[in-house]
Amino acid sequence: MRVLGVDPGLTRCGVGVVEGVAGRPLTMIGVGVVRTPTDAELGDRLVAIERGMEQWLDEHSPDHVAVERVFAQHNVRTVMGTAQASAVAMLCAARRGIPVALHTPSEVKAAVTGSGRAEKAQVGAMVTRLLRLDAPPKPADAADALALAICHIWRAPAQNRLQQAVAAHRTPGASRTQPAPGISRTPGASRTPAASRTPRTLKGPTA
């Protein structure tokens, strides 16, 4: 599995490609940052992010794209820029038919470091160790993108099993009247409600 991780941002959009499967050593294929000038018009900046994403998709042909899920913060302007960059990344992937997955920062931190409250330095250190790199990728946006890709590779099998179970549960025609475990019905047994059965006459002692 080859995953392109995207840490969305309007000024710096981290991108990283990781290849491998859960339970085996992973390999970094590429890592970098798509940058846009802060003094450019918003539309031009989004076009620049789109072009950068298209270049990464062309060069590395990922099987999946993992994007950080955007959460509301105190700085609304920052959140808006992050959400816009995230939407561009998702659009580029969807246009090519590449599955897109969203992971929260806590999910990524927990998957990579074992703690959902890990600091960026801890994430960078673990990414360096897991991918057997000489040094943590710079800037932190690049390391976060690799962490997203790692998180998706490790979580995808469990997510797929869950989706398959949900799909099977919703399959039309599935029986919804299965008896409780350990209880079997005897073939031919009467199903007449108890209230409609004729009661037996009890005879008292003969005078």
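Report on the accompanying structure. (Residues numbered from 1 in each chain as written. Predicted model: local features only at pLDDT ≥ 70, side-chain atom pairs only at ≥ 80, totals over all residues. Heavy atoms only, no water.)

A look at the sheet that holds strand 3 (residues 27-35)
Right, on to step 1. Ordered in space as 3-2-1-4-5, the five strands form an open sheet in which the pairing is mixed. The open sheet has two edge strands with one neighbour each: strand 3 and strand 5 (100-103). Sheet twist, expressed as the mean angle between neighbouring strand axes with direction ignored, is 20°.
Right, on to step 2. Bridging between strand 1 (residues 2-7) and strand 2 (residues 12-19) involves six bridges; their strand directions are antiparallel. Bridge pairing in strand 2 places Arg2 opposite Glu19. (Pairing = 2+ DSSP bridges. Helix = DSSP H or I, 4+ residues; strand = E, 2+ residues; numbered from the N terminus. Axes fitted to C-alpha atoms, helices over the stretch in contact; angles between N-to-C directions.)

Here we look at the pairing of strand 1
Looking along a regular strand, one sees side chains alternate from face to face of the sheet.
Right, on to step 1. Of all six residues in strand 1, six are buried; the element is thus mostly enclosed.
Right, on to step 2. Alternating residues of strand 1 divide into Arg2, Leu4 and Val6 and Val3, Gly5 and Asp7, and every residue in both groups is buried.
Right, on to step 3. In sequence, strand 1 turns back onto strand 2 through a hairpin of four residues.
Right, on to step 4. Summarising the sheet, strand 1 and strand 4 (residues 64-68) pair through four bridges and their orientation is parallel. Bridging across to strand 4, Val3 finds its partner in His64. (Buried < 20%, exposed > 50% of the residue type's maximum accessible area, 1.4 Å probe, protein only.)

Focus on the side chain of Thr128
Right, on to step 1. Within the fold, Thr128 resides in helix 4 (residues 120-130).
Right, on to step 2. Overall, Thr128 belongs to the buried group, its relative accessible area being 11%.
Right, on to step 3. Contact partners of Thr128, with chain neighbours within four places excluded, come to Leu133, Asp134, Ala135, Pro136 and Pro137. (Contact = heavy atoms within 4.5 Å.)

A closer look at the environment of Arg35
Right, on to step 1. By the secondary structure assignment, Arg35 is in strand 3.
Right, on to step 2. C-alpha of Arg35 to C-alpha of Ile49: the two residues are 14 residues apart in sequence and 7.4 Å apart in space.
Right, on to step 3. Those residues in contact with Arg35 that lie beyond four places of it in its chain are Thr11, Arg12 and Pro139.

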